[in-house]
Amino acid sequence: GPERSLDPPYMAFLGGTETYGRYIQTPFPALVEMELGINCVNLGVPNAGVDVLLNDGFLSDAANGAVVTVIQIVGAHNISNRFYSVHPRRNDRFVSASTMLKAVYPEVDFAEFHFTKHMLHHLHAVSADRFSVVRRELHVAWLARMKLLLNRVTSKVVLVWLADHAPLREETANLEAVPSGSPIFVTRELLDELLPFADDLVEVVATPEAMSGGTEGMVFNQMEALAAAQMLGPCAHGEAAVKIGGALRLF
């Protein structure tokens, strides 16, 4: 809070933890608002996958009423698919494995897992060869759902890649090579396939200077220190606001 007005004109910001601004006093949507002087409504959802962005009716209505909708690229791991299902709101929560996934990994006890990332790291460790089938399914499901999301949004759409590295090519985007805070499994090839469905793609790669600040300027308690250290800090949000704001001036 406080509750924001949805009286036009406004810009809508959809996304995950970074858009929401966990541990950040002034996340990038608020910084863009100060730069452009237009109401920027932050609709970020912590740990969101595409499922919650696609299936929440309020988010859809808010996006369609906006002048421009900014959609942060979120990882492909937090979505329900043919291999496993996730919580409809807290998409990082693993709910259950399908019969198909249990057949691929018969030696795994899926009752041990509560979060998708933990489960996927374990599957990769058990068999990287078999894991390639899971990753392919996540690519297909993510791309189909993102296209559906973009087709439903009637306003102009700007996609935002926000991470400490540029999108990786398919051949280098294995689970172990991807930093923990990045859009997991989202490759350059997937983004290229999305481009015809959006009006722009802004790539924000946090500079080494922004990353060197660590948790300086972030707000968290001692129990949250480890989680905060894995997030992009205030300087990275400032860099994002500059690039995103520059792109939004064109609309």
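Read on for a plain summary of the structure. Counting of residues starts from 1 at the beginning of each chain's written sequence and follows it residue by residue. The model is predicted, so local features are restricted to residues of pLDDT at least 70 and side-chain atom pairs to those at 80 or more, both for listing and for counting; the totals for chains, interfaces and linings are taken over all residues. Calculation of side-chain values draws on the structure's entire complement of heavy atoms; hydrogens and water are dropped beforehand.

## As for the environment of Thr19
Looking at where Thr19 falls in the secondary structure, it is placed in helix α1 (residues 17-20). The sequence separation of Thr19 and Leu31 amounts to 12 residues, and the corresponding C-alpha distance is 11 Å. In this structure Thr19 touches Phe13, Leu14, Pro27, Phe28, Pro29, Asn42, Gly44 and Gln72, once residues within four positions along its chain are discounted. The way it works is that DSSP assigns letters per residue, a run of H or I at least four long becomes a helix, a run of E at least two long becomes a strand, and they are numbered from the N terminus. A contact between two residues is defined here by any heavy atoms of the two lying within 4.5 Å.

## Let's talk about the nonpolar core
In plain words, nonpolar cores are sets of buried Ala, Val, Leu, Ile, Met, Phe, Trp, Tyr and Cys residues tied together by side-chain atoms within 4.5 Å. Burial classification: accessible surface area is computed with a 1.4 Å probe over protein chains only, and a residue below 20% of its type maximum counts as buried, one above 50% as exposed, and the rest as partly exposed. By size, the foremost hydrophobic cluster in this structure holds 55 residues, and its most contacted members are Ile73, Tyr84, Leu101, Phe110, Met119, Trp142 and Leu159. Filtering out sequence-adjacent residues up to four positions away, Leu159 remains in contact with Ile71, Ile73, Met146, Leu150, Leu194, Ala198, Asp200, Leu201 and Val202. Within the second largest apolar cluster, 22 residues are counted, among which are Leu162, Val202, Ala206 and Ile244.

## A closer look at the sheet that holds strand β6 (residues 156-163)
The strands making up a sheet are joined through hydrogen bonds of the backbone, oriented either antiparallel or parallel. With respect to topology, five strands assemble into an open sheet ordered β2-β1-β3-β6-β7, the strand pairing being parallel. Two strands in the sheet have a free side with no partner beyond their single neighbour: β2 (39-42) and β7 (200-205). Strand-to-strand twist of the sheet, defined as the mean angle between neighbouring strand axes without regard to direction, takes the value 20°. As paired strands, strand β1 (residues 10-14) and β2 are joined by four bridges and run parallel to one another. By the bridge assignment, Phe13 is partnered in β2 with Asn42. Together, β1, β3 (68-72), β6 and β7 form the strand contacts of helix α11 (residues 234-248), whose direction differs from that of β7 by roughly 160°. When DSSP finds two or more bridges between two strands, those strands count as paired. Only the contacting stretch of a helix is used when fitting its axis, a line to C-alpha atoms as for every element, and angles between N-to-C directions run 0 to 180 degrees.

## Re helix α7 (residues 128-152)
To estimate the expected span of a helix, count its residues, drop one, and scale the result by 1.5 Å. For α7, built from 25 residues, the straight-helix expectation of 36 Å at 1.5 Å per residue is met to within 8% by its first-to-last C-alpha distance of 36 Å. Buried within α7 are the following residues: Phe131, Val134, Arg135, Glu137, Leu138, His139, Ala141, Trp142, Leu143, Met146, Leu149 and Leu150.

## Concerning the packing of helix α2 (residues 28-36) against α11
Two numbers describe a pair of packed helices, the interaxial angle and the distance between the axes. One can describe the packing of α2 onto α11 by two numbers: an axis separation of 8 Å at closest approach and a directional angle of 50°. When the axes of α2 and α11 are compared, the pair comes out oblique. Helix-helix and strand crossings are classified by hand; for α2 and α11 the assignment is right-handed. Counted together, Phe28, Leu31, Val32, Glu35 and Leu36 of α2 and His237, Gly238, Ala240, Ala241, Val242, Ile244, Gly245, Gly246 and Leu248 of α11 form the full contact between these two elements. Oblique is the label for any angle not under 35 degrees, not over 145, and not in the 65 to 115 range, which are roughly parallel, roughly antiparallel and roughly perpendicular in turn. By definition, turning the near helix anticlockwise from the far helix through less than a right angle yields a left-handed crossing, and turning it clockwise yields a right-handed one.

## Things to note about the side chain of Asn91
With respect to the element layout, Asn91 can be found in the loop between β4 (84-86) and β5 (94-97). Overall, the relative accessible area of 0% leaves Asn91 in the buried class. There is a polar contact of 3.1 Å between the side chain of Asn91 and the backbone nitrogen of Val52. Filtering out sequence-adjacent residues up to four positions away, Asn91 remains in contact with Asn47, Ala48, Gly49, Val50, Asp51, Val52, Asn78, Val86 and Thr116. A 3.5 Å cut-off defines polar contacts: any pair of N or O atoms within that distance qualifies, except that in protein one atom must be a possible hydrogen donor and the other a possible acceptor, and neighbouring residues in sequence count only when both atoms are side-chain atoms.

## What about the packing of aromatic side chains?
Working definition: a ring pair exists when centres of Phe, Tyr or Trp rings (six-membered ring for Trp) sit within 6.5 Å. Plane angles under 30 degrees give stacked, over 60 give edge-to-face, the rest tilted. Tallied over the full model, the rule gives seven aromatic pairs. On the numbers, 6.3 Å between centres and 80° between planes, the contact of Tyr23 with Phe220 is edge-to-face. Separated by 197 residues along the polypeptide, Tyr23 in the loop between α1 and α2 and Phe220 in the loop between α9 (208-211) and α10 (225-229) bring together distant segments of the chain. Overall, Tyr23 belongs to the buried group, its relative accessible area being 12%. What makes Phe220 partly exposed here is its relative accessible area of 29%. Consider the rings of Phe94 and Phe113, whose centres lie 6.5 Å apart with planes at 85°: the pair is edge-to-face. Of the two residues, Phe94 is situated in strand β5 and Phe113 in the loop between α5 (99-104) and α6 (116-126); the sequence distance between them amounts to 19 residues. Like Phe94, the residue Phe113 is buried in the burial classification. Aromatic rings pair up to connect Tyr84, Phe94, Phe110 and Phe113 into one cluster.

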